[in-house]
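# Inside the fold
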Amino acid sequence: MATSDPVYLRVVEDIRRQITDGTLPPGAPIPSRAQLTRKYQVGETAARHALRVLASEGLIIGRVGSGHYVRERPVLTPLHRWRYLDHPAPIAADLQSQGRRVTWDWHSEPAEAGPDIARRLRLKETTTLTKTHYVFRGDGRPLQLATSYEPMEFAPHTEEERRSLVARLYAHGLKITEIVESVSTRVPRPAESDALGLSAGVNVLHVERTHWVGDRPVETSDIVIPGDRFRVMYSMPA
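Residues numbered from 1 in each chain as written. Predicted model: local features only at pLDDT ≥ 70, side-chain atom pairs only at ≥ 80, totals over all residues. Heavy atoms only, no water.

### Focus: the overall build of the protein chain
The criterion, for reference: Working definition: helices are DSSP H or I runs of at least four residues, strands are E runs of at least two. Numbering for both runs from the N terminus. Each radius of gyration reported is based on C-alpha atoms, and the globular scaling rule is 2.2 Å times the count of residues to the power 0.38. Throughout, a residue-residue contact means that at least one pair of heavy atoms, one from each residue, lies within 4.5 Å. Per-residue and other accessible areas were derived by the Shrake-Rupley procedure at a 1.4 Å probe size, with only the shown protein chains allowed to occlude residues. Only four residue types enter the charge count: Lys and Arg as positive, Asp and Glu as negative, with His and the chain ends excluded. A charged residue contributes its charge at one atom only: NZ of Lys, CZ of Arg, CG of Asp or CD of Glu.
When you go through the protein chain residue by residue, the secondary structure sums to seven helices and 11 strands. The globule rule puts the C-alpha radius of gyration for 238 residues at 18 Å, and the 23 Å found for the protein chain is more than 25% above it. Along the longest, intermediate and shortest principal axes, the C-alpha atoms of the protein chain span 70 × 40 × 40 Å. Sequence-distant contacts in the protein chain: of pairs separated by 6 or more residues, those separated by 24 or more amount to 57%. About 13,200 Å² of surface is accessible on the protein chain, with carbon and sulfur atoms providing 53% of the total. Side-chain charges in the protein chain split into 32 positive and 29 negative, and the spacing between the mean points of these groups amounts to 6 Å.

Quick look at the structure:
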């Protein structure tokens, strides 16, 4: 490490290494600020900053009145992105197949496309779309957020019409020919952290999904998945 690096990084790197190699297993206590200052010969400010960085990375968790501990390593649940695409809620079908009880809430509202969604759906920015928000829960725990955008002509208007997008468009004489997903990782927005109950330092997977009919995009969604609970799986024809 360069001598010009902040001194707290020496503490962060050593504790991170111990967590990674198992010297400090999940649940193990982390030295207090006073212990860190003595062990690493740093000031209290550096010790406090090191703990803050480790917590922001999701490596340790603080407990009021008890100190910091190595965070438990979660077992990631696989989400098969292509297995249940004809289901109204693919995540629900996937998790139900694993024995989970899945429920979801939703509400729709008219909304102006705006620059990003207009680009994705090849529409004017002032076009009014149907915007639908979803919160999916597994055994009562929030697991995934999604926001869907559709032209008003295709959007469901009753609960009975709320079925697979593929089936609904087929009723309009349109056949989905391609589904494109772009996956990235990012820091969650505060509202997303609250809705999903995310711990500090946990990033989310952001899936941008668009349904196409020929060369026309007919629906696009933003799907937010907790990065500490799921791994996204894709299968591709050989």
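### Describing the confidence of the model for the protein chain
A low pLDDT score tells you not to read the predicted coordinates there in detail. Let me state the cut-off plainly: pLDDT measures how confident the predictor is about each residue, on a scale from 0 to 100.
Confidence in the prediction for the protein chain averages 86 pLDDT; 90% of positions are at 70 or higher. Per-element mean pLDDT across the protein chain ranges from 73 in helix 4 (residues 90–97) up to 96 in helix 5 (residues 114–121).

### Quick look at the packing of helix 2 (residues 33–40) against helix 3 (residues 44–56)
What counts, and what does not: Working convention: axes come from line fits to C-alpha atoms, limited for helices to the stretch in contact. Angles between N-to-C directions cover 0 to 180 degrees. Comment on the angle field: the value is read as roughly parallel under 35 degrees, roughly antiparallel over 145, roughly perpendicular from 65 to 115, and oblique elsewhere. Each crossing is labelled by how the near helix is turned from the far one, with a counterclockwise turn of less than a right angle marking it left-handed and a clockwise turn marking it right-handed. All residues other than Ala, Val, Leu, Ile, Met, Phe, Trp, Tyr, Cys, Pro, Asp, Glu, Lys and Arg, Gly among them, are scored as polar; the first ten of these are nonpolar and the last four charged.
Where helix 2 meets helix 3, the axes come as close as 9 Å, and the angle between the chain directions of the two elements is 115 degrees. It follows that helix 2 is roughly perpendicular to helix 3 by the angle criterion. For the element pair helix 2 and helix 3, the recorded crossing hand is right-handed. Seen from helix 2, the contacting residues are Arg 33, Leu 36 and Thr 37; seen from helix 3, they are Glu 44, Ala 47, Arg 48 and Leu 51. For the contact of helix 2 with helix 3, the class distribution of residues is three nonpolar, one polar and three charged.

### Points about the pattern of salt bridges
Side chains that differ in sign of charge can pair as their charged atoms come close. Convention followed: A pairing counts as a salt bridge when a side-chain nitrogen of Lys or Arg comes within 4 Å of a carboxyl oxygen of Asp or Glu.
Summed over the entire model, instances satisfying the criterion amount to 15 salt bridges. Overlapping salt bridges bring together Asp 116, Arg 119, Arg 120, Glu 208 and Asp 222 as one network.

### Description of a nonpolar patch on the surface
Where we set the bar: Candidate patch residues must exceed 30% relative accessible area and have no salt bridge, after which like charges are joined if within 9 Å and Val, Leu, Ile, Met, Phe, Trp or Tyr side chains if within 5 Å. Only protein chains enter the accessibility calculation, which uses a 1.4 Å probe; a residue is then buried when its area is under 20% of its type maximum, exposed when over 50%, and partly exposed in between.
A grouping of Val 183, Tyr 234 and Met 236 is seen on the molecular surface, where their side chains present a nonpolar patch of about 320 Å² in accessible area. Within the secondary structure layout, Met 236 lies in the segment after strand 11 (230–233). Classification of Met 236 by relative accessible area gives exposed; the value is 73%.

### Digging into the sheet that holds strand 6 (residues 128–138)
The condition is simple: When DSSP finds two or more bridges between two strands, those strands count as paired.
What the six strands build is an open sheet, ordered 5-6-7-10-9-8; its pairing is antiparallel. Lying at the two open borders of the sheet, with one neighbouring strand each, are strand 5 (102–112) and strand 8 (178–186). Going from strand to strand, the sheet's axes swing by 15 degrees on average, the running direction of each strand aside. Across 10 bridges, the pairing between strand 9 (residues 204–213) and strand 10 (residues 216–226) is antiparallel. Along strand 10, the bridge assignment pairs Arg 209 with Ser 221. Helix 4 rests against strand 5, strand 6, strand 7 (141–151) and strand 9 of the sheet, and its axis sits at about 175 degrees to strand 5. In the packing of helix 5 onto the sheet, contacts are made with strand 5, strand 6, strand 7, strand 9 and strand 10, and the angle to strand 10 comes to roughly 125 degrees.

### Quick look at the nonpolar core
How we decide: For our purposes a nonpolar core is just a set of buried Ala, Val, Leu, Ile, Met, Phe, Trp, Tyr and Cys residues, chained together by side-chain atoms within 4.5 Å.
In terms of nonpolar packing, the biggest core is built from 20 residues, with Val 11, Ile 15, Leu 24, Ile 30, Leu 36 and Ile 60 touching the most fellow members. Counting residues per element, the ones that place at least two in this core are helix 1 (8–21), helix 2 and helix 3. Beyond its immediate sequence surroundings of up to four residues, Val 11 is in contact with Leu 36, Tyr 40, Val 42 and Ala 50. With 14 residues, the next largest nonpolar core counts Leu 79, Leu 95, Val 102 and Ala 146 among its residues.

### Topic: the sheet that holds strand 1 (residues 29–30)
Spatially, the three strands line up as an open sheet ordered 1-3-2, and their pairing is antiparallel. Two strands in the sheet have a free side with no partner beyond their single neighbour: strand 1 and strand 2 (60–63). Relative to strand 3 (residues 67–70), strand 2 runs antiparallel, the two being bridged by four bridges. Looking at the pairing, Gly 62 lines up with His 68 of strand 3.

### As for the environment of Leu 123
When you line up the elements, Leu 123 lands in the loop between helix 5 and strand 6. For Leu 123, a relative accessible area of 33% corresponds to the partly exposed category. Sequence-wise, Leu 123 and Val 180 are 57 residues apart; in three dimensions their C-alpha atoms are separated by 18 Å. Among residues more than four places away in sequence, those in contact with Leu 123 are Ala 118 and Leu 129.

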